[in-house]
Amino acid sequence: MSNLDGMTTGDQLVWTPTRRAGRAIMARIGRRFASTGRLLASLRANRRLAIADTVATALAALAALLLTANLIGAHVLSESLVAFVSSAVLAALIMYPLSAFYRGHARATSLRDAVVVVRGALFALGLQWLCLSLLPGAAAVPFASFAIQFLVVVPALVGLRLCARHRELVRKVNHTARAPADMAVADTRIPVLVVGTGTNCDLFVRASRTPDARYRPIGIIDDARDTGGLVFHDIDILGSLLSPDRLCATLEMMEALPQRLFLTEPITQLDSDGIGKLIGWANAHSVPVSRLPNLGEAPSGSDLGGVEPRAVDPTDILDRPQKAVERSLLRALFNGRRVLITGAGGSIGSELSRQIASFGPSQLVLLEQCELNAYTIDQDLKQYFPDVQHHVHVADIRDARRVNAIFAKHRPELVFNAAALKHVPMVEANPCEGVLTNVIGTRNIADAARDVGAIAMVQVSTDKAVNTTNVMGATKRVAEFYVQAQDRITSETGESTRFFSVRFGNVLGSSGSLIPLFQKQIAQGGPLTITDDRMTRYFMTIREAVELTLVAAAKGLAQKTGLGQIFVLDMGEPVKIMDIAERMIRLAGLRPDDDIKIEVIGIRPGEKLFEELFDESETPRDCGIPGVQAAVPEGIAISRLRAAIHHLEGAARGGSARDVKRRLKNLVPGYGVNGLRPIEITGDALRAPEPRGRPIASSPVTIALPTGGYPSQLHYETNT
């Protein structure tokens, strides 16, 4: 029986195993050639190191023979010198590559490579001895020569690899020093504390030394005893989790707090008592805690065939480093003082409460209108600052009698007024309530602080008070006027109380603000809603805003700054809301428009396309405080201001929204027609103009504009 190609079945039975054997032989030859090719490629890549190894081996052999010359005599030395050195070089050329000396990158040398070097050096010595045993004249070389050669060549080979690695590090450092754009890397990286000294910590510290690193370790917390005061790489070990009280005391004395706390090991592997107290300290100082993932861990959600959305840290949105502050200056101001904070349960007020509590005031008095917020901040202080005496009062700053009673009871030395109605659309819809809280409440607090002879009263203001187009901004502007007038009048009357206003923009993560709204919308699957794709805002973190507020107050008192100044915090460049929405979607592991939609819903009543930090009538000045400038407004005479506020209060308590807006228009430069009468908008969209100065005040008027136009951005005047 035969098949189609003429080969019989018996022939096939003989040919099949022969063919398989041939294929196996050819595969083995192919693998051998491939292995040889890889060996030659590694030698070419590390040719400089291979040459250096060969030279080092020859010198080691020469040194070993010379050091044992007294054992073999001059005659044997002269006969054996060339053979001994030549055999060492030959053995090195053969055994070093075969021992995988050059398979790895020389600049990534580790302890494991030292083991490879020792093994390869032993193999090379064995081959060298075998070669010399075949040469009659060289047989007299003693064993001591081989031992000395081994002891010399191993450190030399390891040293060459360390030098190669060090050269790369020096090259990167020099490159960073030469590049002007990179000179600020050390200043812009985020300062962090690292917990643990294991492999993850080692890798993190090494990665932090690269020019494009985002984080800068400023201290390490060990999980072993008695390592405080040592260094890990070049980072100080601040203390141990096994001594948490001493560790927290050390952290309290740090000049600059970290902005993050990274755990390099699973929390279950750390001392439970120590890590609990450390996390409590971090929560008390608003320091976010995260765990660095192990390199072997799979990304979250990878087993589900997709990416699992993760929680977004508001600080990830801030595309700039946060400002650092002098904690020693703040400690000197607040330690042992009686401090009162209004709105103490809100986003800014609660952060003020925690930060001031960390400086050891003698008494902390908290005013909060919301019972739940008052309860929450009370529990926080009891948990994180049990040694700080504090009193929580559920009170409304609009009630002058209640405010005066609290001030008379506690007689605070430092007062921070963070209570306010701050949401633009809500205050726009409820202008009377906005006036009663933001204007009348501020007046009550300022008057009470002056009556008890407080050292200083600090008013928390907003950039929406500048060239305002909404009721909220106008009320905050009046509050600035009143605080400024009080600072000037107390100076004239010889009173010691100082009054400051601190103005800043949006804070990331505050209650009811943009970031929590976007987080909620992402969790629900979208869409994210923005009012206009051209809208920009200034942003900073809550902690950064509060720290700079405290620093401005401290230095304002220490430097005896000019009367009536408004401190304006440096918040970098304005950020487009559209960019923030897209960035938050990507940080959640999703794709804008594909996974989460972004919808433009139109501008809301009272909103502007952009915010400004300085009014046209204000003169920006350097106040000598890093991250803070000073604005010097023209101000309003206290007599006129008191009378205007009195009439404004009457209109607000009478519930006349139109009268409230009319009186705000007469009092606040730049707040005009849009506050009095809605503007009908029709037609095509207008381009948003560049930020401008104060608009000209005008009488009520209704204008027809193209659709999408923003009357709050127009600069016009009318004749009546």
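Numbering of residues starts from 1 in every chain and runs along the sequence as written. Local features in this predicted model are restricted to residues of pLDDT 70 or higher, and side-chain atom pairs are both shown and tallied only at a pLDDT of 80 or more, whereas totals for entire chains, interfaces and linings draw on every residue. Side-chain descriptors were evaluated using all non-hydrogen atoms of the structure, hydrogens and water having been removed beforehand.

Asker: Would you take a moment to explain the packing of helix 15 (residues 431-451) against helix 21 (residues 657-667) for this structure?
Answerer: Packed helices, taken two at a time, are described by the angle between their axes plus the distance between the axes. In the contact formed by helix 15 and helix 21, the axes pass within 8 Å of each other and the chain directions differ by 50°. As far as their axial angle goes, helix 21 and helix 15 are oblique. Here P431, C432 and V435 of helix 15 lie close against helix 21, whose contacting residues are A657, V660, K661 and L664. For this classification, the nonpolar set comprises Ala, Val, Leu, Ile, Met, Phe, Trp, Tyr, Cys and Pro, the charged set comprises Asp, Glu, Lys and Arg, and every other residue, Gly included, is treated as polar. Residue classes in the contact of helix 15 with helix 21 are distributed as six nonpolar, no polar and one charged. Throughout, an axis means a line fitted to C-alpha atoms (over the contacting stretch in the case of helices), and angles, computed between N-to-C directions, take values from 0 to 180 degrees. Under the scheme used here, helices are H or I runs from DSSP no shorter than 4 residues and strands are E runs no shorter than 2 residues, and both carry numbers assigned from the N terminus. Roughly parallel here means an angle under 35 degrees, roughly antiparallel means over 145, roughly perpendicular means 65 to 115, and every remaining angle is called oblique. In this description, contact between two residues means that some pair of their heavy atoms is separated by no more than 4.5 Å.

Asker: What should I look at first to understand a nonpolar patch on the surface in this one?
Answerer: Only residues above 30% relative accessible area that lack a salt bridge enter a patch, with like-charged residues linked at up to 9 Å and the nonpolar side chains Val, Leu, Ile, Met, Phe, Trp and Tyr linked at up to 5 Å. All accessible-area figures derive from a Shrake-Rupley calculation using a 1.4 Å probe, and residue coverage is judged against the displayed protein chains alone. Salt bridges, as used here, are contacts in which a Lys or Arg side-chain nitrogen is within 4 Å of a carboxyl oxygen on Asp or Glu. Taken together, I51, V55, L59, L62 and L66 make up a surface patch of nonpolar side chains, about 450 Å² in accessible area. Mapped onto the elements of the fold, L59 is located in helix 2 (residues 47-67).

Asker: How do you make sense of the packing of helix 11 (residues 347-357) against helix 12 (residues 371-384) when you look at a structure like this?
Answerer: In the contact formed by helix 11 and helix 12, the axes pass within 11 Å of each other and the chain directions differ by 20°. In terms of orientation, helix 11 lies roughly parallel with respect to helix 12. Regarding helix 11 and helix 12, the two cross each other, and that crossing is right-handed. Facing S350, S353, R354 and A357 of helix 11, the residues of helix 12 in contact are I377, D380 and L381. When the residues that make up the contact of helix 11 with helix 12 are grouped by side-chain class, the tally is three nonpolar, two polar and two charged. If you view the pair so one helix is near and one far, a crossing is left-handed when the near helix is turned anticlockwise from the far one by less than a right angle, and right-handed when it is turned clockwise.

Asker: I keep staring at the sheet that holds strand 9 (residues 390-394) and nothing clicks. Help me out?
Answerer: To summarise the sheet geometry, strands pair through backbone hydrogen bonds and adopt either a parallel or an antiparallel arrangement. Across the sheet, nine strands lie side by side as 9-8-7-10-11-12-17-21-20; this open sheet has mixed pairing. Each edge of the open sheet is held by one strand with a lone partner, namely strand 9 and strand 20 (619-625). Between one strand axis and the next, the sheet turns through 25° on average, direction left out of account. Any two strands with at least two DSSP bridges between them are considered paired. Pairing geometry for strand 17 (residues 566-569) and strand 21 (residues 628-632), over four bridges, is antiparallel. Paired with V568 across the bridge in strand 21 is Q629.

Asker: Please explain the pattern of salt bridges as it appears in this structure.
Answerer: Pairing between side chains becomes possible if they bear opposite charge and their charged atoms approach one another. One pass over the structure, following the stated rule, counts 18 salt bridges. Between E480 and R477 there is a salt bridge, and its shortest N-O distance comes to 2.9 Å. In this pair, E480 and R477 are both assigned in helix 16 (residues 471-492), three residues apart and thus about one turn of the helix distant. Note on accessibility: E480 and R477 belong to one class, buried. E547 is the partner of R543 in a salt bridge, and the nearest nitrogen-oxygen pair spans 3.2 Å. Placement of both R543 and E547 in helix 18 (residues 542-559) is noted, with a separation of four residues, approximately one turn of the helix. Relative accessibility thresholds used throughout: buried, under 20% of the residue-type maximum; exposed, over 50%; partly exposed, between the two (1.4 Å probe, protein chains only). Residue R543 is classed as buried on the basis of its relative accessible area, which comes to 9%. Where salt bridges share partners, they join R337, R338 and E413 into one cluster.

Asker: Help me out: how do you make sense of the side chain of T437 in this one?
Answerer: By the secondary structure assignment, T437 is in helix 15. On the basis of relative accessibility, which here comes to 10%, the residue T437 falls in the buried class. Excluding residues within four positions of it along the chain, T437 makes contact with I397, R398, A420, L421 and T442.

Asker: Just to check I follow, could you spell out the confidence of the model for the protein chain for this structure?
Answerer: The predicted coordinates of low-pLDDT regions are not to be read in fine detail. The predictor attaches a confidence to each residue, called pLDDT, with possible values from 0 through 100. A residue-level look at the protein chain finds 75% of positions with pLDDT of 70 or above and a mean pLDDT of 75. Taken together, the stretch residues 1-6 has pLDDT below 50 and engages in five contacts with residues farther than four places along the chain or on a different chain. Across residues 298-310, confidence stays below pLDDT 50; counting only partners more than four residues off in sequence or on other chains, it has 10 contacts.

Asker: Whenever I open this one, the nonpolar core confuses me. Can you help?
Answerer: The nonpolar side chains of soluble globular proteins are, as a tendency, buried together. Put simply, a nonpolar core is a bunch of buried Ala, Val, Leu, Ile, Met, Phe, Trp, Tyr and Cys residues held in one set by side-chain atoms that sit within 4.5 Å of each other. By size, the foremost hydrophobic cluster in this structure holds 52 residues, and its most contacted members are F334, F416 and F504. In this structure, F334 is in contact with V339, I356, F359, G360, P361, L414, F416 and L550, ignoring residues within four places of it in sequence. Y482, F499, I636 and A651 belong to the second largest nonpolar core, which has 46 residues in total.

Asker: Hey, could you run me through helix 8 (residues 244-252) in this one?
Answerer: Because each turn of an α-helix spans 3.6 residues, side chains separated by three or four positions end up pointing in the same direction. Among all positions in helix 8, only P244, L247, C248, L251 and E252 are buried. Around the axis of helix 8, the buried residues are gathered within 140° of arc, so they sit on the same side. Exposed residues lying more than 90 degrees from the buried face of helix 8 are D245 and R246. On the buried face of helix 8, the contacting elements are strand 1 (190-195), strand 2 (215-222), strand 4 (235-240), helix 9 (272-284) and helix 10 (327-334). This arc is built from the directions going out from the helix axis to the C-beta atoms.

Asker: It is not clear to me how the side chain of T497 should be interpreted in this structure. Could you clarify?
Answerer: By secondary structure assignment, the location of T497 is in the loop between helix 16 and strand 12 (498-504). Nitrogen and oxygen atoms within 3.5 Å of one another constitute a polar contact, given that in protein one can donate a hydrogen and the other can accept it, and given that sequence-neighbouring residues count only through two side-chain atoms. In terms of polar contacts, T497 uses its side chain to reach the backbone carbonyl oxygen of A454, at 2.6 Å. Sequence-distant contacts of T497, defined by excluding residues within four places in its chain, comprise A449, R450, G453, A454, I455, D487 and T490.

Asker: Explain the sheet that holds strand 5 (residues 260-263) here, please?
Answerer: The strand order 3-4-2-1-5-6 describes an open sheet built from six strands, whose pairing is mixed. A strand with exactly one partner marks an edge of an open sheet, and here the two such strands are strand 3 (231-232) and strand 6 (289-291). Both strand 5 and strand 6 contribute to a ladder of three bridges, which runs parallel. Note that in strand 6 the partner of F262 across the bridge is S290. Contacting strand 1, strand 2 and strand 4, helix 8 crosses the sheet at an angle of about 135° to strand 4. Across the sheet, helix 9 lies against strand 1, strand 2, strand 5 and strand 6, angled at about 160° from strand 5, the strand it touches most.

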